[in-house]
Amino acid sequence: QVQLVESGGGLVQAGGSLRLSCAASGSIVRIHAMGWYRQAPGKERELVAGITSGGSTNYADSVKGRFTISRDNAKNTVYLQMNSLKPEDTAVYLCNADVQWNLLRRGEFWGQGTQVTVSS
């Protein structure tokens, strides 16, 4: 099996910064795409940013120019640097990964989520 563990969430004032990390562990053969999603109360889960194994990235329009996704393949870890945070960025942030594991199996895995709260 594969586990994803996020860290780095917290409470920050508007205009501030946070850096989220998500480390994958388990019987990993290869991690393909990784991404960060968020879900605010009463809203649907949305993709914030994604990154392929080759380093290509994509972002939600609402975070372009403020957030940066990166990954360290040697550490099976993906990061989300969040700058110029706004109150509307408040949500639970979840890590997602497309993983080849246990040699022949491939599946999508989720972390448990980390709370980000931005005060005005």
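No experiment lies behind these values; they were computed from the predicted model shown.

(A) Spatial organisation of the sheet that holds strand β8 (residues 77-82). The strand order β1-β3-β8-β7 describes an open sheet built from four strands, whose pairing is antiparallel. This sheet does not close on itself; its edge strands, each paired only once, are β1 (2-7) and β7 (67-72). Along the sheet, successive strands turn relative to each other by an average axial angle of 15°, direction set aside. Summarising the sheet, strand β3 (residues 18-26) and β8 pair through six bridges and their orientation is antiparallel. Paired with R19 across the bridge in β8 is Q81.

(B) Looking closely at the pairing of β8. The buried fraction of β8 is high, at five of six residues. Across six bridges, β7 lies against β8 in antiparallel orientation. By the bridge assignment, R71 is partnered in β8 with V78. Where β7 hands over to β8, the hairpin turn is made up of four residues, of which N76 adopts a positive phi near 50°.

(C) A look at unusual backbone geometry. Phi is positive for N76, close to 50°, though the residue is something other than glycine. Mapped onto the elements, N76 comes out in the loop between β7 and β8. Since its relative accessible area comes to 24%, N76 is described here as partly exposed.

(D) Expanded view of the pattern of salt bridges. Taken as a whole and assessed by the stated rule, the structure comprises five salt bridges. For E46, the salt bridge goes to R38, with nearest N and O atoms at 2.7 Å. When its relative accessible area of 34% is taken as the criterion, E46 is described as partly exposed. Taking the relative accessible area as the measure of exposure, R38 reaches 6% and is therefore buried. We note a salt bridge from R66 to D89, for which the minimum N-O separation is 2.8 Å. Note that R66 is positioned in the loop between β6 (57-59) and β7 and D89 in the loop between β8 and β9 (91-101), a separation of 23 residues in sequence. The two residues R66 and D89 agree in class, both being buried. Several salt bridges converge on common partners, so that one network encompasses R38, E46, R66 and D89.

(E) Representation of the state of the cysteines. This model, assessed by the stated rule, comprises one disulfide. One disulfide in the model links C22 with C95; its S-S distance is 2.1 Å. Between C22 and C95, the disulfide has an S-S torsion of -80° and is therefore left-handed. Of the two residues, C22 is situated in strand β3 and C95 in strand β9; the sequence distance between them amounts to 73 residues. Accessibility classification places C22 together with C95 in one group, the buried group.

Thresholds applied
- Residues numbered from 1 in each chain as written.
- Predicted model: local features only at pLDDT ≥ 70, side-chain atom pairs only at ≥ 80, totals over all residues.
- Heavy atoms only, no water.
- Pairing = 2+ DSSP bridges.
- Helix = DSSP H or I, 4+ residues; strand = E, 2+ residues; numbered from the N terminus.
- Axes fitted to C-alpha atoms, helices over the stretch in contact; angles between N-to-C directions.
- Buried < 20%, exposed > 50% of the residue type's maximum accessible area, 1.4 Å probe, protein only.
- Salt bridge = Lys/Arg side-chain N within 4 Å of Asp/Glu carboxyl O.
- Disulfide = S-S within 2.5 Å.

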